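Structural characterization, general
One letter stands for each residue in the lines below.
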Amino acid sequence: MSTQSTRELPWPSVQSGSTGADPLERAWSPQAFHVLAKPTGAICNLGCSYCFFLDKEELYEGSRFHMSDEVLDQYIRQLIEAHSSPVVTIAWQGGEPTLMGLDFYRRAIEIQDRYRKPGMTFENTIQTNGTLLTDEWCEFLKEHDFLVGISIDGPQPLHDVHRVTKRGEGTFDKVMRGLRLLQKHEVEYNVLTTVNAVNGDFPLEVYRFLRDEVGTTWMQFIPVVERVDEHGNPAYLNGMIASDRSVGGEQFGKFLSIIFDEWVRNDVGTIFVQTFEAAVRNWMGLGSSGMCVFNETCGLGVALEHNGDLYACDHFVEPEHLIGNINDVDMGDLVASKRQHTFGMDKRDSLPQFCLDCDVRFACHGECPKNRFIETPDGDPGLNYLCAGFKDFFHHVDEPIRIMAEAIKGGREADAVMPVMKSRDEAFESAVRVASRNDPCPCGSGEKTKRCHGGGQTVAAEQPGMPSGPGRPRTRVRDRR
C-alpha cells in the first residue's frame, strides 16, 4: 500500500489559468511539488490482499520493472531544476522499493550531489514493508538521513490478516525485525497503518501497540477503500461498491475518534498522529493541512513509474490520468500543465452541494477524489464514501482542537489541552457520583444514570474477537480471468 510521505508539501504559487487548448500548456507555476517515484513499479515481495497497486503490474505487461540509470538521472535532474524552493523531497515507494538494491540508491545520492543547486538540501524518504532491511541497509539510511516509513497494521493477529507473503504467510515477525534494525541504527522512521474492515474494530489495541510496543512517535492511519464491481472484482476508479476488506465510513470515524480521545488526554506533544495534526492546521486556517486529502485542491503530488511515465496522482495510476513521460517532456512542464492544473482544481470544483453546505468542509474538503463514489442524501453523485465517518470525527474533536489551536496562536504548546480534558473528566465523574440512579445520565445519552454511567463505568460495547491466523494473498489479475 502506498501513500504520500508525511513531509509537508509547500503551498504552490498559482498563476492564472490558461485558456489554450493544449493540455501541456503551462497553467500554474508551483515552487515545489511532490513525486512518489516507483523504481520497481508495482512489484513487491509481499501479496497484501488489499494492496490496489499490485494490480498496476498489468499496465506494463512484459516489463522488467526496474528503473534504468537513464530514467533515474532524468528524474532527479528534472526534479531539482523544477524546484525554486531550497528543500527538495525525493520519495521512493512501490511496490517494494528496497527490491532495487542498495547500489541503486547510492547512485541516486551521487546524482543528487551532481545536480544540487547552491544552498539546496534534500530530504530522502522511502516507504517499505521492512522485511528486506539489513544492518547494511540501515547504515546507509542513517548515513544519508533517510526518513523511513514502515508499514504495520497493529499487533500480530491484526497485521497478519492482510499483510502476507505471496504464499499466504504472515509477515509480522519479519516487519518487526526490520523495525528493530531501524531503531538499532537510530534511523528516523514513522509508521503507516492501513485501517481496514478488521483492524478498524480495534482502535485502542492498534494505537497502544504502536505507541507502547513499536515505540513510534509519528503515526499515519490510511483508510483502505477498495472499489469493486457488482461481482466483487477490483474495479479501481470505476467501481461503485466498497469491498468487504474496506473499512466502513462510520467505522473509520469511530476508529479515529476513540484514538483521539486517548491521545488528547495523554499524548499531545509526544505522539504525533498525521490526521490530528492536519485537523489542527485546518482549524487554525493555515494554507495547507500537510495532508493532500484534507487540502482544498490537489495536483502537486504526482507518481512516477519505473519507465518515466508520470501520473496525476498515486491513486490515479490509470491510462486516462497519464500526464506524459519525462523522457519526452520535462517533468516541470508536465506538473505545470493545464491538464494537471485542471486535475488539481477539480478536487474543489466538483464537490456536490451537500459538501459545499457542510459545516466541517474547511476540515475535510471532500477528502480524496478517489473515494467520491456514493450519492448525497439528495441523490447527487460525488459524495465521499467516508463522509459520515469524517463528519462524526470532526464534530467529535471540534472543541478540544479549538483549545489546541487557541493555545498555539497564543504562543503556548498544544498540550495545554490535556489538563483541560482532565479537569472536565473529573467534573463529569463527580456529576455521575451525585446523580440519582433514575436521573438522566450526565453524559447526555438520554439513558437513566443507572443504565449508563451510574455503575461507575461504561458497559463495554461488544467487540469481535481477534482474528486467528493470516489471510489469503491478493490474487494476481491474470489469475482472476
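Counting restarts for each chain: residues are numbered from 1 in the order of the written sequence. Only residues with pLDDT of at least 70 get local features here, since the model is predicted, and only at 80 or more are side-chain atom pairs given and counted; chain-wide, interface and lining totals rely on the full set of residues. Computation of side-chain values covers all heavy atoms of the structure but excludes hydrogens and water.

This part takes up the side chain of glutamate 96. For the purposes of this entry, the term helix denotes a DSSP run of H or I that reaches at least four residues, the term strand denotes a run of E that reaches at least two, and both are numbered from the N terminus. Here glutamate 96 shows up in the loop between strand 2 (87-92) and helix 2 (102-115). Within polar-contact distance, the side chain of glutamate 96 engages the backbone nitrogen of asparagine 129 at 2.9 Å. Polar contact is the term for a pair of N or O atoms within 3.5 Å; when the atoms are in protein, one must be able to donate a hydrogen and the other to accept it, and sequence-neighboring residues count only if both atoms are side-chain atoms.

All right, on to empty space enclosed by the protein then. Where empty space is left becomes clear once a probe the size of a water molecule has been rolled over the atoms. Two kinds of site are reported from a 1 Å grid over the protein atoms alone, namely cavities, where a 1.4 Å probe fits but cannot get out, and pockets, open sets with protein on both sides within 12 Å along at least five of seven lines, and residues are called lining when an atom falls within 4 Å of a point. Grid points are joined across faces, edges and corners, and a volume is the space filled by probe spheres set on the points. Within this structure, the stated rule accounts for 5 cavities of 30 Å³ or more. Size it by volume and the second largest cavity reaches roughly 200 Å³. What lines the second largest cavity is a set of 16 residues, among which Phe52, Val225, Arg227, Tyr236 and Lys370 lie closest to the centre. In this classification, Asp, Glu, Lys and Arg are treated as charged, Ala, Val, Leu, Ile, Met, Phe, Trp, Tyr, Cys and Pro as nonpolar, and every other residue, Gly included, as polar. Split into classes, the residues belonging to the lining of the second largest cavity amount to 8 nonpolar, 2 polar and 6 charged.

Below, the discussion takes up helix 5 (residues 172-184). To estimate the expected span of a helix, count its residues, drop one, and scale the result by 1.5 Å. With 13 residues, helix 5 extends 18 Å between its outermost C-alpha atoms, agreeing within 8% with the 18 Å of an ideal straight helix rising 1.5 Å per residue. Burial classes: relative accessible area under 20% of the type maximum marks a residue as buried, over 50% as exposed, and values in between as partly exposed (1.4 Å probe, protein chains only). Of the positions making up helix 5, those classed as buried are Phe172, Val175, Met176, Gly178, Leu179, Leu181 and Leu182. Of the surrounding elements, those touching the buried residues of helix 5 are helix 3 (135-143), strand 4 (147-151), helix 4 (156-159), strand 5 (189-195) and helix 6 (203-214). The positive-phi residue at the C-terminal boundary of helix 5 is glutamate 186, with phi of around 55°. Throughout, a residue-residue contact means that at least one pair of heavy atoms, one from each residue, lies within 4.5 Å.

This part takes up helix 1 (residues 69-82). The terminal C-alpha atoms of helix 1 lie 20 Å apart, and with 14 residues this matches the ideal 20 Å at 1.5 Å per residue to within 8%. Those residues of helix 1 that sit buried are Val71, Leu72, Asp73, Tyr75, Ile76, Gln78, Leu79 and Ile80.

Take the packing of aromatic side chains next. Aromatic pairs are defined between Phe, Tyr and Trp rings, using the six-membered ring for Trp, whenever the two ring centres lie within 6.5 Å; interplanar angles under 30 degrees are classed as stacked, those over 60 as edge-to-face, and all others as tilted. Overall, the coordinates contain 25 aromatic pairs when judged by the stated rule. Ring centres 5.8 Å apart and planes at 80° place the aromatic pair phenylalanine 52 and phenylalanine 53 in the edge-to-face group. Per residue, the accessibility class of phenylalanine 52 equals that of phenylalanine 53, and both read buried. Ring centres 5.9 Å apart and planes at 25° place the aromatic pair phenylalanine 276 and phenylalanine 393 in the stacked group. Here the residue phenylalanine 276 occupies a position in helix 8 (residues 274-283), and phenylalanine 393 occupies one in helix 13 (residues 387-409), the gap between them amounting to 117 residues. Geometrically, a charge over a ring is one whose NZ (Lys) or CZ (Arg) sits within 6 Å of the ring centre while staying within 35 degrees of the ring normal. When the ring centre of phenylalanine 53 is taken as origin, the NZ or CZ atom of lysine 38, which lies over that ring, is 4.1 Å away. In this structure, lysine 56 packs its charged tip against the face of tyrosine 236, placed 4.6 Å from the ring centre.

Moving on, we get to the nonpolar core. If you look at soluble globular proteins, the nonpolar side chains tend to sit buried side by side. Take the buried residues of types Ala, Val, Leu, Ile, Met, Phe, Trp, Tyr and Cys, join any two whose side-chain atoms come within 4.5 Å, and each joined set is a nonpolar core. Within the largest apolar cluster, 103 residues are counted, with the highest numbers of intra-cluster contacts made by Tyr75, Trp92, Leu141, Ile152, Phe221, Trp263 and Phe394. For phenylalanine 394, the contacting residues outside a window of four places in its chain are Ala279, Trp283, Phe294, Val360, Ala363 and Cys364. Counting residues in each nonpolar core, the second largest holds 15 residues, with Cys44, Cys51, Phe52 and Tyr60 among its members.

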